[in-house]
Amino acid sequence: MSHLWRTCGGCALKQETAPPGIWPDLRDARQRLLLRQWALWRDGLRPPPRSRLDPALIKPCLPDFWIFRIADNGNDLVCTLAGENIRDAWGHSIIGGRPVDLWGAGDGDLVRERLLRAAREPALIHGRTGITPKTGASKLAQRLMLPLCDDAGAAYGVMGMTQFVYDHSRDALPTGPSEAPTLFSTFYPCASLPATAPDA
């Protein structure tokens, strides 16, 4: 795999590009379900159109499910759907929010960049954010991001799942440099994915 380390805002980011011909190795059964269904909805190796999504086929995933659509200006994204676990983790609905609204200027730019890359390349992304505080439990977010197109085949946006492990006894986010979040992401270009769907 190729590797890239960088920082943005308070985060350190490690990006990798997976070798061709493989699917992400997902341990969570619901993430495997979502990935398989996305693969079955595809047109060949192209991402599936947004109109092909059938919530009934991914029902177990919906509490952690979200969609970000590319905004009209083409340079931003807007959340158009988010499940109840996403709302509970944020403490409010994120529907209508842009990355910079939700993560702030520095990290929001990073999130926007990753989502736009996923939609336009296109590529799916599997990653996690980890915060390891000096005291107390870690806070983790496991994410699966899957590109979508519109009915004409143009980039539409990204759908995905985020599963949070959060210690509510430490409500304040860490501020010291040794406690800064670290993001690990692996990109899987759609053109290099297997033609057959992965097992659920």
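This one's a predicted model, so the numbers in the text were calculated from it and none came from an experiment. (Residues numbered from 1 in each chain as written. Predicted model: local features only at pLDDT ≥ 70, side-chain atom pairs only at ≥ 80, totals over all residues. Heavy atoms only, no water.)

1. Comments concerning the pattern of salt bridges
Under the defined criterion, the tally for this structure stands at nine salt bridges. Residues D72 and R69 are paired through a salt bridge, measuring 3.8 Å at the closest nitrogen-oxygen approach. What makes D72 exposed here is its relative accessible area of 80%. Among the salt bridges present, the one from R98 reaches D76, with a minimum N-O distance of 3.2 Å. With R98 in the loop between helix 2 (84–90) and helix 3 (99–103) and D76 in the loop between strand 3 (65–70) and strand 4 (77–82), this pair connects stretches of sequence that are 22 residues apart. The exposure class assigned to R98 is partly exposed, which follows from its relative accessible area of 33%. Note on D76: relative accessible area 8%, which makes it buried. (Salt bridge = Lys/Arg side-chain N within 4 Å of Asp/Glu carboxyl O. Buried < 20%, exposed > 50% of the residue type's maximum accessible area, 1.4 Å probe, protein only. Helix = DSSP H or I, 4+ residues; strand = E, 2+ residues; numbered from the N terminus.)

2. Some thoughts on helix 4 (residues 105–120)
Taking 1.5 Å per residue, 16 residues should reach 22 Å; helix 4 reaches 22 Å between its end C-alpha atoms and fits that length. Among the residues making up helix 4, those that are buried are D107, G108, L110, V111, R114, L115, L116, A118 and A119. (Expected span 1.5 Å × (residues − 1).)

3. Thoughts on the nonpolar core
With 23 residues, the main nonpolar core has L34, L35, W38, L124, L146 and M159 as its most contacted residues. Residue assignment for this core shows that the elements contributing at least two residues are helix 1 (29–41), strand 3, strand 6 (139–149) and strand 7 (155–165). Looking at which element gives the most residues to this core, the answer is helix 1, with five residues. Contacts of L146, omitting those with residues within four sequence positions, involve L34, L35, W38, L124, G157, V158 and M159. Ranked by size, the runner-up nonpolar core spans 18 residues in total, among them I70, I94, L116 and F187. (Core = buried A, V, L, I, M, F, W, Y, C linked by side-chain atoms within 4.5 Å. Contact = heavy atoms within 4.5 Å.)

4. Observations regarding helix 1
The end-to-end C-alpha distance of helix 1 is 18 Å, a good match for the 18 Å that 13 residues give at a rise of 1.5 Å each. Of the residues making up helix 1, those classed as buried are Q31, L34, L35, Q37, W38, A39 and W41. Where helix 1 begins, the capping side chain belongs to D28, and its oxygen is found 3.0 Å from the backbone nitrogen of R30. (Polar contact = N/O pair within 3.5 Å; in protein donor to acceptor, adjacent residues only side chain to side chain.)

5. With respect to the environment of A152
With respect to the helices and strands, the residue A152 is situated in the loop between strand 6 and strand 7. For the pair A152 and P49, spaced 103 residues apart in sequence, the C-alpha to C-alpha distance is 8.3 Å.

6. Observations concerning the environment of F187
In this fold, F187 is placed in strand 8 (residues 182–189). By relative accessible area, which is 0% here, F187 ends up buried. Apart from residues lying up to four places away in sequence, F187 is in contact with Q15, E16, T17, A18, R117, A123, L124 and I125.

7. A few points about the environment of P60
Checked against the element boundaries, P60 lands in the loop between helix 1 and strand 3. Owing to a relative accessible area of 44%, P60 belongs among the partly exposed residues under this scheme. The sequence separation of P60 and R30 amounts to 30 residues, and the corresponding C-alpha distance is 6.5 Å. Not counting residues up to four positions away in its chain, the partners in contact with P60 are R30 and L33.

8. Things to note about the confidence of the model for the protein chain
Per-residue confidence for the protein chain gives a mean pLDDT of 84; residues scoring 70 or more make up 80%. The model gives residues 132–137 a pLDDT under 50, and that stretch makes twelve contacts with residues more than four places away or in other chains. Every residue in residues 169–179 scores below 50 in pLDDT, and together they form 19 contacts with partners more than four places removed in sequence or on other chains. (pLDDT = per-residue confidence, 0-100.)

9. What about the pairing of strand 7?
Within strand 7, eight of the eleven residues are buried, which leaves it mostly tucked inside the rest of the structure. In this sheet, strand 7 lies alongside strand 3 in antiparallel orientation, the contact comprising five bridges. Across the sheet, F68 pairs through a bridge with V158, a residue of strand 7. (Pairing = 2+ DSSP bridges.)

10. Overview of the packing of aromatic side chains
The tally for this structure, following the rule as stated, stands at two aromatic pairs. On the numbers, 5.7 Å between centres and 70° between planes, the contact of W66 with F68 is edge-to-face. By the burial criterion, W66 is buried, and F68 matches it. If you follow R117 out to its NZ or CZ, it ends over the ring of F187, 3.6 Å from the centre. (Phe/Tyr/Trp six-rings, centres within 6.5 Å; stacked < 30°, edge-to-face > 60°. Lys NZ or Arg CZ within 6 Å of the ring centre and 35° of its normal.)

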